[in-house]
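If you want the building blocks of each chain, they are given just below.
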Amino acid sequence: DADDVRALLCAPVQQRLLRPDHLREVVVRLGPVRHRALMLSTLADLAGGAHSVRELAFTRLLRRGKVPQPDRQGVRQRPSGRYFLDAEWEKYPLRAEVDGLGHLGVVQWGQDCDRDNELELDKVQQRRLRIPGFWLDERPDHVLDQVRRGLRRGGWQDGR
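The sections below set out a description of the structure shown in this document. Just so we're clear, the structure is a prediction, and the values are computed from it rather than from any experiment. (Residues numbered from 1 in each chain as written. Predicted model: local features only at pLDDT ≥ 70, side-chain atom pairs only at ≥ 80, totals over all residues. Heavy atoms only, no water.)

## Section: helix 7 (residues 140–153)
- Across its 14 residues, helix 7 extends 20 Å between first and last C-alpha, which sits within 8% of the 20 Å expected from 1.5 Å per residue.
- Residues of helix 7 that are buried: V143, L144, V147, G150 and L151. Buried residues along helix 7 cover an arc of 130° about the axis, so they all sit on one side. Exposed residues on helix 7 whose side chains face more than 90 degrees from its buried face are D141 and R153.
- Taken from the residues just after helix 7, G155 is the one with a positive phi, measuring 110°. (Helix = DSSP H or I, 4+ residues; strand = E, 2+ residues; numbered from the N terminus. Expected span 1.5 Å × (residues − 1). Buried < 20%, exposed > 50% of the residue type's maximum accessible area, 1.4 Å probe, protein only. Arc of directions from axis to C-beta.)

## Digging into the packing of aromatic side chains
- Considering all chains together, one arrives at one aromatic pair under this definition.
- Ring centres of F58 and W89 lie 6.5 Å apart, and the angle between their planes is 75°; on these two criteria the pair is classed as edge-to-face. With F58 in helix 4 (residues 53–64) and W89 in strand 2 (residues 81–89), this pair connects stretches of sequence that are 31 residues apart. For the residue pair F58 and W89, the accessibility class agrees, reading buried in each case. (Phe/Tyr/Trp six-rings, centres within 6.5 Å; stacked < 30°, edge-to-face > 60°.)

## Here we look at unusual backbone geometry
- In this structure, R16 takes a positive phi of about 60° despite not being glycine.
- Mapping R16 onto the fold places it in the loop between helix 1 (2–14) and helix 2 (20–30).
- Residue R16 is classed as partly exposed on the basis of its relative accessible area, which comes to 46%.
- The backbone phi angle of K66 is positive, close to 55°, even though this residue is not glycine.
- Note on placement: K66 falls in the loop between helix 4 and strand 1 (71–78).

## Regarding the packing of helix 4 against helix 7
- Relative to each other, helix 4 and helix 7 sit at 70°, their axes nearing to 10 Å. Classified by the angle their axes make, helix 4 and helix 7 are roughly perpendicular. Residues F58, L61 and L62 of helix 4 lie in contact with helix 7, whose contacting residues are P140, V143, L144 and V147.
- Of the residues in the contact of helix 4 with helix 7, the class split is seven nonpolar, no polar and no charged. (Axes fitted to C-alpha atoms, helices over the stretch in contact; angles between N-to-C directions. Parallel < 35°, antiparallel > 145°, perpendicular 65-115°, else oblique. Contact = heavy atoms within 4.5 Å. Nonpolar A, V, L, I, M, F, W, Y, C, P; charged D, E, K, R; others polar.)

## Description of the pattern of salt bridges
- What the rule picks out here adds up to seven salt bridges.
- One salt bridge in this structure joins R19 and D21, with 2.8 Å as the shortest N-O distance.
- Notably, a salt bridge pairs R95 with E88, separated by 3.4 Å at the nearest N-O pair.
- We classify E88 as buried; its relative accessible area is 5%. (Salt bridge = Lys/Arg side-chain N within 4 Å of Asp/Glu carboxyl O.)

Fair warning: the whole summary comes from geometry, so function is off the table for now.
Next comes the structure, spelled out in structure tokens:
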């Protein structure tokens, strides 16, 4: 299935073992292979900053909804280390975190709560959305509606 192909490409990028451009060079050198177009489009989105199958689905949903693409994997430094933001529209003060199954574990959930608290303490008129990954499959219109409303509240106007 397509998400299996995407997951195979996401894993080494997410773990910082390979860069999307290196993987793209390999796919191009392979020539005609099954799922080649899917691999190349996935690698383009990975190069744009998406790091997981769910973040790729979020990217596709935003593209279909004709809303601005966010900056990806923004780094925040804290005394306890650094953490990454899945998606951020600085121009329209909005952040979105796409939570996959890995966020359901107690340790990860605690780290997510700590990150969210730090973001709340730092924020200046910024909104934050938490998007459970399964909503991208089961409630895509709802997700897109929330993103649009967040962007509009930040000054974005549809169609511009």
